[in-house]
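Observations on the model geometry
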Amino acid sequence: MVSTPASPLLFTPLALGPLTIDNRVIVAPMCQYSAVDGVAQPWHQQHLGGFAASNAGLIILEATGVTNAGRISPHCLALETDAQEAALTKLLADIRTYSQVPFGIQLAHAGRKASTGYPWEGGRPLAPGVNGGWQPVGPTDEPFTADGPAPHALTEAEIAATVAAFVEAAKRADRAGFDLVEIHGAHGYLIHQFLSPLVNKRTDRYGGALENRMRLALEVAEAVRAVWPKHKSLGIRLSATDWVDGGWSVEETAILSQKLEAIGLDFIHITSGGVVGSAKIPVGPNYQVPAADAIKKAVSIPVIAVGMIVTGPQAEAILQQGKADAIAIARAFLDDPRWVWRAAEALGVDLTLDGRYQRATGKTWPGAALKNAPLAVAAE
C-alpha cells in the first residue's frame, strides 16, 4: 500500500493484537440511520465501499445493536437475526472483491439513549409504538432527557441476558467475516451508563463503588473475549471523561483499561462525553488527545485517538509525540472519502493506488502529461 521505505508514523504498520493494519489511519464508526429492520441496505454498500478504496488501514462499521432494542434508532443496524447477519456477510463479501482492507464492527447497546429519531430531525426520543419506537432500558428508570420515556431498570437476570446478546452478536460478526470487534462502551450508551456515577444510581452489585460500576463492562469484555477468535482483534471504545465534576473520570478509565488489558483486549479507543446532556465539552482540535495520552501511559496495548483531527500533519504530530498509536477519523472522511490521499501528499508519502484510480494523482498514469491540459483534451 505504501511505497516509500521511510514513512511518517501515520503510514507505518500497527499490530492491534493479532491483526496488523498497513497504516494507522482508521475510519471511525459513523451511524448512517439507513438500515431497515436492522438490515444493511445499498446505502451502506456505497458508504463503506468508497472508504474501502481509500487506502485506510482499518474501517470500523457503525454502532450495531446486539439486539433490536439496543439500537440507537429504528434506522440503525443490528446483529440479532439471520437476515441482519446475511446482509452484513454479503456487504463484506462484495467489498472484498475489490479491497482487502480489514473491517471491524462496533457492537453496541444504546441503553436509555435508544429509540430516537433521525438526528437531522432533532433526534428526539420516540415513545413506544410511535414511529417504530420502543421502551429503552438502563441502569435505573431515569430517562436521558426530561421529555423522554422512562427506561426500564434492568434486573440482574436481564443484565446477564444483555451480556449473552453481546456474545451472540460477536459470533455472528465472526461468521460474517469481520476481522475486528470494538465493544461500544462510550458516548453515554449502556456500558457507559453503568460506568458513570451520574447515571448509575443502583444499590446492588452493579452500582455504587467503582468495582461495581465496572462490572458490566468487564463481564461483556470477558464473555466476548471467550468466543471471539484469537486470530482476530478485540478492543473497546471508552469515553474517558463525562466532562462533569463527580462523573466518570480519566483516572477511572485508566483503571478500567488496565483490567480490560488483563482480560485480553487488544486496543483501547478513547473518546469522551455523551452520558448527560448538561456537560460542557470544550470541543476543538485535539480536545480528546490528552485523555488518550493518559490511557496510553496506563496500558501497553495500542491506544486510538479520535476527535477533531482533520489533517495528516495534525495526526502525524499526535503519533510523533507518543500520545496515541493510531488515529481514528470520522467527519473528515465524510467530507473527503480520499482523506488518506490528502494526508499522504501533505506528508510526502507516495501511495500505491488501485490502477483504476492512479490517474487521479497524475504520478504513475502514462497520461499524466494531460493532467493540466484543457478539459476537452483531458477528458479523452
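1. A word on the overall build of the protein chain
Of regular secondary structure, the protein chain possesses twelve helices and twelve strands. Relative to its length of 380 residues, the protein chain is compact, with a C-alpha radius of gyration of 21 Å against a globular reference of 21 Å. Summarising its shape, the C-alpha atoms of the protein chain cover approximately 70 × 45 × 40 Å along the three principal directions. Burial analysis of the protein chain (380 residues in total) assigns 56% to the buried set. By sequence separation, contacts in the protein chain at least 24 residues apart represent 70% of the contacts at least 6 residues apart. About 15500 Å² of surface is accessible on the protein chain, with carbon and sulfur atoms providing 55% of the total. Where the 31 positive side-chain charges of the protein chain centre and where its 36 negative ones centre are 2 Å apart.

2. Points about the pattern of salt bridges
A complete count under the given rule lists 17 salt bridges for this structure. Its salt-bridge partner being Arg175, residue Glu85 comes within 2.9 Å of it at the nearest N-O pair. Within this pair, whereas Glu85 is found in helix 2 (residues 82-95), its partner Arg175 is found in helix 3 (residues 156-176), the two being separated by 90 residues in sequence. Judged by relative accessible area, Glu85 falls into the buried class, the value being 11%. Across the pair Glu142 and Lys201 runs a salt bridge whose closest N-O atoms are separated by 4.0 Å.

3. Observations concerning the sheet that holds strand 11 (residues 303-306)
Spatially, the eight strands close up into a barrel ordered 3-4-5-8-9-10-11-12, and their pairing is parallel. Between one strand axis and the next, the sheet turns by 25 degrees as a mean value, whatever way the strands run. As defined by bridge partners, strand 8 (residues 180-185) adjoins strand 9 (residues 233-239) across six bridges and the pair is classed as parallel. Its bridge partner lying in strand 9, Glu182 is registered against Gly235.

4. Considerations on the confidence of the model for the protein chain
On average, residues of the protein chain carry a pLDDT of 93, and 93% of them reach 70 or more. Scored below 50 in pLDDT, residues 1-5 makes 16 contacts in the model with residues more than four places away or belonging to other chains. Below pLDDT 50 for its whole length, residues 365-380 participates in nine contacts with residues either more than four positions away or in separate chains.

5. Examining the nonpolar core
Counting residues in each nonpolar core, the largest one holds 91 residues, and the members touching the most others are Phe178, Ile183, Phe333 and Trp339. Ignoring sequence-local partners within four residues, the contact set of Phe333 consists of Val25, Ile26, Val27, Met30, Phe51, Ser54, Ala56, Trp339 and Val340. One finds Leu16, Leu19, Ile304 and Ala326 within the second-largest nonpolar core, a separate group that totals 14 residues.

6. A look at helix 9 (residues 312-320)
Spacing of three or four residues puts side chains on the same side of an α-helix, whose turn is 3.6 residues. For helix 9, the complete set of buried residues consists of Gly312, Gln314, Ala315, Glu316, Ile318 and Leu319. On its buried face, helix 9 is in contact with helix 8 (289-298), strand 12 (326-329) and helix 11 (339-347). Two to three positions downstream of the cap, the backbone nitrogen of Gln314 sits 3.1 Å from a side-chain oxygen, assigning the N-cap of helix 9 to Thr311.

Rules behind the numbers
The residue count restarts for each chain, going from 1 along the sequence in the order it is written. Local features in this predicted model are restricted to residues of pLDDT 70 or higher, and side-chain atom pairs are both shown and tallied only at a pLDDT of 80 or more, whereas totals for entire chains, interfaces and linings draw on every residue. Note that water and hydrogens are dropped before the side-chain values are worked out from all heavy atoms of the structure. The secondary structure listing takes helices from DSSP runs of H or I that are at least 4 residues long and strands from runs of E that are at least 2 residues long, numbered from the N terminus. Atoms considered for the radius of gyration are the C-alpha atoms alone. The globule rule reads 2.2 Å times the number of residues to the power 0.38. For the exposure calls, accessible area comes from a 1.4 Å probe over protein chains only, and a residue counts as buried if that area is under 20% of its type's maximum, exposed if over 50%, partly exposed in between. Contacts are assigned to residue pairs with any non-hydrogen atoms lying within 4.5 Å of each other. Only the protein chains shown count as covering a residue, and every accessible area follows the Shrake-Rupley method with a 1.4 Å probe. Positive residues here are Lys and Arg, negative ones are Asp and Glu, while His and the chain termini are left out of the count. Where a charge lies is defined by one atom per residue type, namely NZ (Lys), CZ (Arg), CG (Asp) and CD (Glu). The salt bridge criterion pairs a side-chain nitrogen of Lys or Arg with a carboxyl oxygen of Asp or Glu, the two atoms within 4 Å. Two strands qualify as a pair provided DSSP detects at least 2 bridges between them. Each axis is a line fitted through C-alpha atoms, and for a helix only the stretch in contact is used; angles between axes span 0 to 180 degrees, taken between their N-to-C directions. The predictor rates its confidence in each residue with pLDDT, a number between 0 and 100. Here, nonpolar core means buried Ala, Val, Leu, Ile, Met, Phe, Trp, Tyr and Cys residues that are tied together by side-chain atoms lying within 4.5 Å of each other. Nitrogen and oxygen atoms within 3.5 Å of one another constitute a polar contact, given that in protein one can donate a hydrogen and the other can accept it, and given that sequence-neighbouring residues count only through two side-chain atoms.

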